[in-house]
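Coordinate analysis (summary)
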Amino acid sequence: MTIHVRVRAESSPGERRVAATPDSVKKLLASGATVEVESGAGLGSLLTDAAYEAAGARIVDRDQARSPGILLHVLPLTPSEVAALPAGTVTVGTLDAFQNPAAVAAARDANVTSFALDLLPRISRAQSMDVLSSQALLAGYRLVTLAADAFGRMFGMTMTAAGTLAPARVLVLGAGVAGLQAIATAKRLGGVVSANDVRAASADEVRSVGGTFIDLDLGTAEAGGGYAKELAEDRARRQQELLAPHIAASDIVITTAAVPGRAAPRLVTAAMVSAMKPGSVLVDLAAESGGNIEGSVPGERSSIPVTGGAVTLIGARDIQSDLAPDASKLYAMNCANFAALIVKEGELVLDFDDELLSGSVVTRDGAIVNERVAAAVEGGRASASRGSGAKPQKERA
Ligand code: NAD
């Protein structure tokens, strides 16, 4: 039977992305599926219903009942949205499973097969479906443009007959996908950029995009799979102490540090913020997951008094939605590429011997099949017989 794919109109305020574009609809149709797009789903990304129709999708009312099929979404569904899905529905999108145990339990109880693109193994075959990378890339760029807007001075060194303007000194903490993009963007604007991270590979990665790596001589902290490990308390405190002079000397501090499955590491204390020069700017990508910077609030721009003036502290929120057309374009293709794995000649084919499927499936056949998610949601009753067992490669704190 021909499978149909439905594209959700995101309901969260502030979320402007969509999980399909007219181009990705064409790709979905090419796999033999039919495609329904909920009316208005693309408007936040400047995509009209007419454009989806022209690509071959059918526009449906967003309240129209869903029939079993594949549901593409951006943000995790709420527990009540999951509970309303017909049994047998397959969902594809981000789950943030460790932060949304009620929605995971609802998917189990509703007999929904849920795939978490944020748990895909970061192997090369998954690159075209890697929503963490595609969205982090945009976040890294946006962090810099937010900082530049708040800075109120030129980024690049400028020499004129009337005098020379010094370049902005930019410090990036956490040099994963978002941090590296932030370094490259700040560099392109003319900033003098330095960065720190705890992974061994990060020094070369920072240099490859034009940054100067700050080696704090703390050793590395790696958990395998390319991810960082949480620093023990004394090392974390030492890191803060060693970072303090670098932060005080910076005009702009951008933080992107994350540890899978943990709250974001606290890298900058309120005292360190207070020691900065007036006019400096801090932007915290981790504001929604605990904050790399003490006092950062998601979606808020605060002015913090310092000697001689104030500094601006910005907590990121829904940051990819600031670049919704681009974010949707990449996210939609990530979804369509994943869908191509599970739709063959118009039919749903779930091959759980494929590590991309077994690594990203969270619920199926009325059970939570990802062991670590099961442990978090229901104390470890994952169904080993259903063969998932794959450890998530990526868990957002
Ligand atoms: P992330 O979002 O999990 O973390 C962001 C960065 O914060 C990481 O570089 C991490 O090392 C750093 N960090 C954590 N604690 C820190 C601390 N105390 N101080 C300073 N920095 C700290 O990372 P990510 O962007 O998802 O990337 C994670 C890994 O995945 C990287 O090794 C990256 O190269 C790899 N990756 C692989 C692929 C692939 O397809 N193979 C794709 C994307 C990313």
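Structure: see above.
So, the pattern of salt bridges
With the rule as written, the count across this model stands at 21 salt bridges. When the shortest N-O distance is used, the salt bridge between R153 and D251 registers 4.0 Å. Here the residue R153 occupies a position in the loop between α5 (131-151) and β7 (158-160), and D251 occupies one in the loop between α8 (233-248) and β14 (252-255), the gap between them amounting to 98 residues. A single network of salt bridges, built from pairs that share partners, joins R6, E36, E38 and R58.

Points about empty space enclosed by the protein
Per the stated rule, a full pass over the model turns up 4 cavities of 30 Å³ or more. By volume, the largest cavity is sized at about 110 Å³. Lining the largest cavity are 13 residues, with L77, V82, L95, A103 and S114 positioned closest to its centre. Considering every element that reaches the lining of the largest cavity, the biggest residue donor is helix α4 (residues 101-109), with 3 residues.

Quick word on the pairing of strand β9 (residues 169-173)
Buried residues dominate β9, accounting for 4 of its 5 residues. Where β9 meets strand β10 (residues 192-196), 5 bridges bridge the pair, whose relative direction is parallel. Looking at β10, one finds that L173 is bridged to N196. At this point the chain moves from β9, through helix α6 (residues 177-188), to the parallel β10, and the crossover so formed is right-handed. As paired elements, β9 and β14 share 4 bridges and run parallel to each other. Considered in β14, the bridge of V170 is made with I252.

A closer look at the packing of helix α1 (residues 22-30) against helix α10 (residues 324-342)
Put simply, α1 and α10 touch, their axes get as near as 9 Å, and they point 5 degrees apart. When the axes of α1 and α10 are compared, the pair comes out roughly parallel. Between α1, through D23, S24, K27 and L28, and α10, the contact on the second element is made entirely by A332, M333, A336, N337 and A339. The residue makeup of the contact of α1 with α10, split by class, is 5 nonpolar, 2 polar and 2 charged.

Here we look at the packing of aromatic side chains
Considering all chains together, one arrives at 3 aromatic pairs under this definition. Ring geometry for F115 against F352: centres 6.1 Å apart, planes inclined by 15 degrees, an arrangement best described as stacked. Placement of F115 in strand β6 (residues 113-116) and of F352 in the loop between β19 (347-348) and α11 (355-360) is noted, with a sequence separation of 237 residues between them. Like F115, the residue F352 is buried in the burial classification. Taken together through their ring pairs, the aromatic side chains of F115, F338 and F352 make up a single cluster.

Reading the values: the criteria
- Residues numbered from 1 in each chain as written.
- Predicted model: local features only at pLDDT ≥ 70, side-chain atom pairs only at ≥ 80, totals over all residues.
- Heavy atoms only, no water.
- Salt bridge = Lys/Arg side-chain N within 4 Å of Asp/Glu carboxyl O.
- Helix = DSSP H or I, 4+ residues; strand = E, 2+ residues; numbered from the N terminus.
- 1 Å grid on protein atoms, 1.4 Å probe; cavity = no way out; pocket = protein on both sides within 12 Å on 5 of 7 lines; lining within 4 Å.
- Points joined across faces, edges and corners; volume = space filled by probe spheres on them.
- Buried < 20%, exposed > 50% of the residue type's maximum accessible area, 1.4 Å probe, protein only.
- Pairing = 2+ DSSP bridges.
- Right-handed = clockwise from strand over helix to strand, strands pointing away.
- Axes fitted to C-alpha atoms, helices over the stretch in contact; angles between N-to-C directions.
- Parallel < 35°, antiparallel > 145°, perpendicular 65-115°, else oblique.
- Contact = heavy atoms within 4.5 Å.
- Nonpolar A, V, L, I, M, F, W, Y, C, P; charged D, E, K, R; others polar.
- Phe/Tyr/Trp six-rings, centres within 6.5 Å; stacked < 30°, edge-to-face > 60°.

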